[in-house]
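Each chain, written out:
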Amino acid sequence: VVLLCFRRYLLMALTSCLFWNTFGLSATMDSKPNILLFLADDLGIGDIGCYGNNTIRTPNIDRLAREGVKLTQHIAAAPLCTPSRAAFLTGRYPIRSGMASSNRYRALQWNAGSGGLPVNETTFARLLQQQGYTTGLIGKWHQGVNCESFNDHCHHPLNHGFDYFYGMPFTLLNNCQENKPPELDVALQAKLWLYSQIIILAVLTLTAGKLTGLISIRWKIIACFTLMGVLFFISWYSSYGFVQYWNCILMRNHDVTEQPMRLERTATLMLKEAVSFIKRNRNGPFLLFVSFLHVHTPLYTTAKFLGKSRHGLYGDNVEEMDWMVGRILDSLDKEGLKNRTFTYFASDHGGHLEAQDGSAQLGGWNGIYKGGKGMGGWEGGIRVPGVFRWPGVLPAGTVIDEPTSLMDIYPTVVHLAGGILPQDRVIDGRNLVPLLQGRAQKSEHEFLFHYCGSYLHAVRWHQKDSGAIWKAHYVTPVFHPSGAGACYGKGICPCFGEGVTHHDPPLLFDLSRDPSEAKPLSADTEPLFDTVIRKIGRAIEEHRRTLTPVPEQLSLYNIMWKPWLQPCCGTFPFCWCNKEGDSTQSL
């Protein structure tokens, strides 16, 4: 009898262990975990220590990787802020939601534009909210604010599933800092200034000619011409002349708290808000999305970190961001939440190679990968860090080389929260939990489609039986100067027109052998060339059959500045305030 009982006990113990190892179920997973998402802005995959950088100090992000899982082939759905973040929030390619542009404006340009994340899109925040989560967003939004009036807030985070928002509804720009050259639409502004000067010169010439009798013209005509010139100047200078007031603002929920924002204390305010949110909601479950303003230009860095890195202002800014990550992780430890929190760190796309100030590099480093921000096909624009931690549930010190996407966060966190994915639309992301836990060895992605705006530039095929990662480029940007590796002098590479090259047959690479995309294959050098190209071509046809026409949120009309949509803490146009007080006490 004793032996029989022992055998039954042993069988139950083995079954329990097998059940845990197979399904990853534990007491920890029986309850809903807190979810903490970090997303950097413009950070290159080569900028942090756990991805090979040994000169910029990122001990806190590196600690996440040591204590969790690191992805080496984590791919953004777009190489620019607005569309990439739309895909992250919805788990869908931005072309499905109308957040992919067919013109040269590929991101939202103004807080007072009418475009933004459509109200019929369902974010992961909305689904987690329905599962009883308290949801918060601290930092950058860049998905629009209003549609038809200055306070309808149709695109606002609170209308997309977040219970609390503190941060910047737009994105950082050089315009946000007094001593920096303007960054927003510089080429267009130069043309408008030129046209204004031509009008002024014409008015002065006509006036002088009238006064000297050299030109026979009525004063009414000169007056009308002058009035037209004044109206033309006001029409554009009222927007571009006050970018700092219109775009560089902070909001708490629907209220503007700083207009313009004071960059010297923004990092401290963001950090305080993140720590406070965790403390308020320590009894959980909560979703906290920390969307860093770092490391986008103008790279405003507090005095504590200035001059401390070996990579100038950019390195200083990265190290400050890493310090902020550490302080937020410390707050989890302080509240005893480390083992109950699923934590994720990534960047929205690759580093900005063209960001320079003279000889100083102000953008990130994308490691061995070609290209950078704005380039829809080349790896440097879309391959980003991807780090996960959940002690006791995800195996520590794990590295996964399988293709994954920022869109995968959507179904992953919805699964962890016990939610159900929307059934009325295509979700392009895949649940990463089996892969992260080691229960699956292969990514669920067979194909990933790499868009530049609304233009398909490249396609990745994960041939699972062979381990090959084929990548076909149908369109690539024309680098300037030739062979430079970026579009220097243009600010960012274009997606269409004379600034791109179309390839027929496409350029083909096997990323498993050539991750730097240095040596394109051909029918002469690769026996499977024609087979691979045909396979990818059929995948493109099937993918396009899943697309349905939607309104383009980044159309020229939608991205225009509209004064009646301008968030304002006073009575427009007298929009300036400081509701944060003067306290800049650090944490």
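This is a predicted model, so every value here is computed, not measured.

Parameters at a glance
- Residues numbered from 1 in each chain as written.
- Predicted model: local features only at pLDDT ≥ 70, side-chain atom pairs only at ≥ 80, totals over all residues.
- Heavy atoms only, no water.
- UniProt positions renumbered as here; feature names shortened; annotations may be inferred.
- Helix = DSSP H or I, 4+ residues; strand = E, 2+ residues; numbered from the N terminus.
- Domains from an automatic or database assignment.
- Contact = heavy atoms within 4.5 Å.
- Buried area = accessible area lost by both parts, 1.4 Å probe.
- Salt bridge = Lys/Arg side-chain N within 4 Å of Asp/Glu carboxyl O.
- Polar contact = N/O pair within 3.5 Å; in protein donor to acceptor, adjacent residues only side chain to side chain.
- Nonpolar A, V, L, I, M, F, W, Y, C, P; charged D, E, K, R; others polar.
- pLDDT = per-residue confidence, 0-100.
- Disulfide = S-S within 2.5 Å.
- Patch = residues over 30% accessible without salt bridge, like charges linked within 9 Å, V, L, I, M, F, W, Y side chains within 5 Å.
- Areas by Shrake-Rupley, 256 points an atom, 1.4 Å probe, with all protein chains shown as cover.
- Pairing = 2+ DSSP bridges.
- Axes fitted to C-alpha atoms, helices over the stretch in contact; angles between N-to-C directions.

A. Looking closely at the UniProt feature "transmembrane region" (unreviewed entry) in the protein chain. Here, UniProt's "transmembrane region" (unreviewed entry) annotation points to residues 192-209 and 221-243. Helix makes up 100% of residues 192-209 and strand makes up 0%, while its end C-alpha atoms are separated by 26 Å. Across residues 221-243, helical content stands at 91% and strand content at 0%; the span's end C-alpha atoms are separated by 34 Å.

B. Representation of the domain arrangement of the protein chain within the structure. Taken as a whole, the protein chain is organised into domain 1 (34-172 + 248-445 + 558-565) and domain 2 (186-241). On a C-alpha basis, the centres of domain 1 and domain 2 stand 46 Å from each other. With four residues of domain 1 at the contact, the number on the domain 2 side is four residues. Overall, the association of domain 1 and domain 2 removes approximately 320 Å² of surface from exposure, summing both partners, and the carbon and sulfur fraction of that is 69%. Three residues, Tyr-105, Trp-110 and Trp-561, lead the burial of domain 1 against domain 2; their summed loss comes to 88% of the area buried on that side. Seen at the junction of domain 1 and domain 2, the total is zero salt bridges. Seen at the junction of domain 1 and domain 2, the total is zero residue pairs in polar contact (both at pLDDT 80 or more). A class-by-class count of the residues in the side of domain 1 that touches domain 2 yields three nonpolar, no polar and one charged.

C. Quick peek at the UniProt feature "domain: Sulfatase N-terminal" (unreviewed entry) in the protein chain. UniProt annotation of "domain: Sulfatase N-terminal" (unreviewed entry) refers to residues 33-418 when read in the numbering used here. With 35% helix and 16% strand, the stretch residues 33-418 has end C-alpha atoms that lie 10 Å from each other.

D. Spatial organisation of the confidence of the model for the protein chain. Per-residue pLDDT for the protein chain averages 93, and the proportion of residues at 70 or more is 94%. Low pLDDT (under 50) marks residues 1-28, which in the prediction has 17 contacts with non-local residues, meaning those over four places away or in another chain.

E. Focus on the state of the cysteines. Applying the stated criterion across every chain, the model contains six disulfides. Note on cysteine connectivity: Cys-452 is disulfide-linked to Cys-495, with sulfurs 2.0 Å apart. When the S-S torsion is -70°, as for the bridge of Cys-452 with Cys-495, the disulfide is left-handed. In this pair, Cys-452 sits in strand 14 (residues 447-452) while Cys-495 sits in the loop between strand 16 (468-477) and strand 17 (500-510), placing the two residues 43 residues apart along the sequence. The disulfide partner of Cys-569 is Cys-577, and the S-S distance across this bridge is 2.3 Å. On the S-S bond that ties Cys-569 to Cys-577, the torsion sits near -120°, and the link is left-handed.

F. Focus on the environment of Asn-247. Positionally, Asn-247 belongs in helix 9 (residues 243-247). With 72 residues separating them along the chain, Asn-247 and Asn-175 place their C-alpha atoms 8.8 Å apart. Residues contacting Asn-247, with those up to four places away along its chain left out, are Gln-109, Trp-110, Asn-111, Met-168, Phe-170, Leu-173 and Leu-184. Of the polar contacts made by the side chain of Asn-247, one reaches the backbone oxygen of Gln-109; its length is 3.1 Å.

G. Main features of the pattern of salt bridges. Enumeration according to the criterion identifies 22 salt bridges in this entry. A salt bridge links Arg-513 to Asp-510; the shortest N-O distance between them is 2.8 Å.

H. Region of interest: a nonpolar patch on the surface. A cluster of nonpolar side chains, Leu-194, Tyr-195 and Ile-198, forms an exposed patch at the surface whose accessible area comes to about 290 Å². Inspection of the secondary structure puts Ile-198 in helix 7 (residues 186-212).

I. Quick look at the sheet that holds strand 15 (residues 455-463). Read from one edge of the open sheet, four strands run 14-15-16-17, paired in antiparallel fashion. Edge positions in the open sheet fall to strand 14 and strand 17, since each of these has one partner strand only. Neighbour-to-neighbour, the strand axes of this sheet turn through a mean angle of 15°, independent of strand direction. Looking at chain direction, strand 15 and strand 16 are connected through six bridges and run antiparallel. Opposite Val-459, over in strand 16, you have Ala-472 as the bridge partner.

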